[in-house]
Amino acid sequence: MRKLIIFAIVGFFAQLIDGSLGMAFGLTSSTLLLAYGVAPAIASASIHMSEIATTAASGMAHWKFGNVNKRMALLLMIPGSISAFIGAAFLSSIPGEAVRPYISSFLLLLGLYIFIRFLFWPSSSGDEHDVKPAAYVRKRILLPLGATAGFFDAIGGGGWGPINTPVLLSRKEAVPREVIGTVDTSEFAVTLSATLGFILFLGWGNFDWQWVAAFVIGGVAAAPLAALLVKKLPSFLLGVLVGGFIILTNSYTLLTAFNQPSTLILVVCSVILFMWILGVIYSLKGKRLKKNR
């Protein structure tokens, strides 16, 4: 029972982060399950099963608060759903952990770019009060992006948000709340497709329904609150929050992947966290000074 309560609490905060920053439910949940010694395929399957409910709740909340770009969601979810099914089919034979450092390196660079751009150039960061929402992103970007994110989401237990969100936010015309809401909403179809693949290739017996229920309870409870945060928080602040989160999580992934000492990991993550907090304070202070001029 204690473990299930922990899973429910983790599900709540994971969805709160995922729904407000556009990523992290799968990564946070899979990290917990793998820490308990669960096989990667079983962990990913159980997480995707619980995400059917959490992504549905999150998508409806984002839709209600006007955070969704319909065209962008459709162009992401179609290739993403196909590749997620393929990823689920091959997970048992593909070492998902082996490719994660390469993806994390790419995401770390994007995170640095997003953090710096939203921190020092907030006026060109796509604030919804200054420019029109980015209703148009070319198909040649969205289709391969959705396909890549869907595949790695299935084999890694999380990847739809961490891949899509930073890439879309790195565009100059990006509106953070629209990117986050669209990525979260489109994830429902991708999750459904990946779960179908796991059911077909792993079978129902490999799902731990108590874990699924715990994650669902916590995640669904947090979904409306997360969508409201995206609606209320200013874009420049969301950009800094997302960028810092990407840098922190992917730095940790890289350090652990290369078997660095725990002390070094703690020091590096603490420094990044400190700089992240300073960045948030600086962005808020800069916005206040701009308003007072």
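Description of the overall build of the protein chain
A tally of regular secondary structure across the protein chain gives eleven helices and zero strands. Across the 293 residues of the protein chain, 53% fall into the buried class. Of the contacts formed within the protein chain by residues at least 6 apart in sequence, a portion of 85% connects residues at least 24 apart. By element, 71% of the accessible surface of the protein chain is carried by carbon and sulfur atoms, the whole surface being about 13,400 Å².

A short note on the packing of aromatic side chains
The full count for this structure, using the stated rule, is five aromatic pairs. An angle of 25° between the planes, with centres 5.7 Å apart, marks the rings of Trp-204 and Trp-209 as stacked. Here Trp-209 falls in the partly exposed class, since its relative accessible area comes to 41%.

Overview of the nonpolar core
Counting residues in each nonpolar core, the largest one holds 54 residues, and the members touching the most others are Leu-76, Leu-142, Leu-168, Leu-169 and Phe-198. Residues in contact with Leu-142, not counting those within four places in the same chain, are Arg-71, Met-72, Leu-75, Leu-76, Val-137 and Leu-168.

Quick look at the environment of Phe-215
Tracing the sequence through the fold places Phe-215 in helix 9 (residues 209-232). Sequence spacing of Phe-215 and Phe-25 is 190 residues, and the spatial spacing of their C-alpha atoms is 9.6 Å.

Notes on the environment of Ile-17
Within the secondary structure, Ile-17 is located in helix 1 (residues 2-21). Here Ile-17 falls in the partly exposed class, since its relative accessible area comes to 28%. In this structure, the C-alpha to C-alpha distance between Ile-17 and Ala-226, residues 209 residues apart in sequence, is 7.2 Å.

Describing the confidence of the model for the protein chain
When the pLDDT values of the protein chain are averaged, the result is 81; 84% of them are 70 or greater. Here helix 2 (residues 25-35) stands out as the element of the protein chain with the lowest mean pLDDT, 70, in contrast to helix 4 (residues 70-90), whose mean of 93 is the highest. Scored below 50 in pLDDT, residues 124-134 makes 27 contacts in the model with residues more than four places away or belonging to other chains.

Observations concerning the side chain of Ser-81
Mapped onto the secondary structure, Ser-81 falls in helix 4. Within the structure, Ser-81 has its side chain in polar contact with the backbone oxygen of Ala-189 (distance 3.4 Å). With residues up to four places along the chain from it excluded, the contact list for Ser-81 reads Ala-189, Val-190 and Ser-193.

Regarding the packing of helix 4 against helix 7 (residues 160-169)
Between helix 4 and helix 7, the least distance of the axes is 13 Å, while the angle of their chain directions is 140°. Compared by their axis directions, helix 4 and helix 7 come out oblique. By crossing handedness, the relation of helix 4 to helix 7 is classed as right-handed. Here Met-72, Leu-76, Met-77 and Gly-80 of helix 4 lie close against helix 7, whose contacting residues are Trp-160, Asn-164 and Leu-168.

Examining the side chain of Ser-193
With respect to the helices, strands and loops of the structure, Ser-193 is situated in helix 8 (residues 176-202). Given a relative accessible area of 14%, Ser-193 falls into the buried group. Residues within four places of Ser-193 in sequence aside, it is in contact with Ser-81, Ile-82 and Phe-85.

Description of helix 9
Here helix 9 spans 35 Å end to end across 24 residues, near enough to the 34 Å set by a 1.5 Å rise per residue. Taken as a whole, helix 9 carries its principal kink of about 35° at Ala-223; the proline Pro-224 stands between one and four residues after it. Looking at helix 9, one finds that the buried residues are Trp-211, Val-212, Ala-214, Phe-215, Gly-218, Gly-219, Ala-222, Ala-223, Ala-226, Ala-227 and Val-230.

Focus on the packing of helix 4 against helix 6 (residues 139-156)
Across the interface, helix 4 lies against helix 6 with an axial gap of 6 Å and an inter-helix angle of 35°. Relative to helix 6, helix 4 is oriented so that their crossing is right-handed. Two secondary-structure elements touch here, helix 4 through Arg-71, Met-72, Leu-75, Leu-76, Pro-79, Gly-80, Ser-83, Ala-84, Ile-86, Gly-87 and Ala-88 and helix 6 through Lys-139, Leu-142, Leu-143, Leu-145, Gly-146, Ala-147, Gly-150, Phe-151, Ala-154 and Ile-155. Classifying every residue of the contact of helix 4 with helix 6 gives 14 nonpolar, five polar and two charged.

Overview of helix 4
For helix 4, spanning 21 residues, the distance from its first C-alpha to its last is 30 Å, which sits close to the expected 30 Å at 1.5 Å a residue. At Gly-80, helix 4 shows its largest kink, close to 25°. The set of residues buried in helix 4 consists of Met-72, Ala-73, Leu-75, Leu-76, Pro-79, Gly-80, Ser-81, Ser-83, Ala-84, Gly-87 and Ala-88. Of the surrounding secondary structure, the elements contacted by the buried residues of helix 4 are helix 6, helix 7 and helix 8. Capping the start of helix 4, Asn-69 holds a side-chain oxygen 3.3 Å from the backbone nitrogen of Arg-71, two or three residues further along.

Rules and cut-offs
- Residues numbered from 1 in each chain as written.
- Predicted model: local features only at pLDDT ≥ 70, side-chain atom pairs only at ≥ 80, totals over all residues.
- Heavy atoms only, no water.
- Helix = DSSP H or I, 4+ residues; strand = E, 2+ residues; numbered from the N terminus.
- Buried < 20%, exposed > 50% of the residue type's maximum accessible area, 1.4 Å probe, protein only.
- Contact = heavy atoms within 4.5 Å.
- Areas by Shrake-Rupley, 256 points an atom, 1.4 Å probe, with all protein chains shown as cover.
- Phe/Tyr/Trp six-rings, centres within 6.5 Å; stacked < 30°, edge-to-face > 60°.
- Core = buried A, V, L, I, M, F, W, Y, C linked by side-chain atoms within 4.5 Å.
- pLDDT = per-residue confidence, 0-100.
- Polar contact = N/O pair within 3.5 Å; in protein donor to acceptor, adjacent residues only side chain to side chain.
- Axes fitted to C-alpha atoms, helices over the stretch in contact; angles between N-to-C directions.
- Parallel < 35°, antiparallel > 145°, perpendicular 65-115°, else oblique.
- Left-handed = near helix turned anticlockwise from the far one by under 90°.
- Expected span 1.5 Å × (residues − 1).
- Bend = angle between axes of the 7 residues up to and from the residue.
- Nonpolar A, V, L, I, M, F, W, Y, C, P; charged D, E, K, R; others polar.

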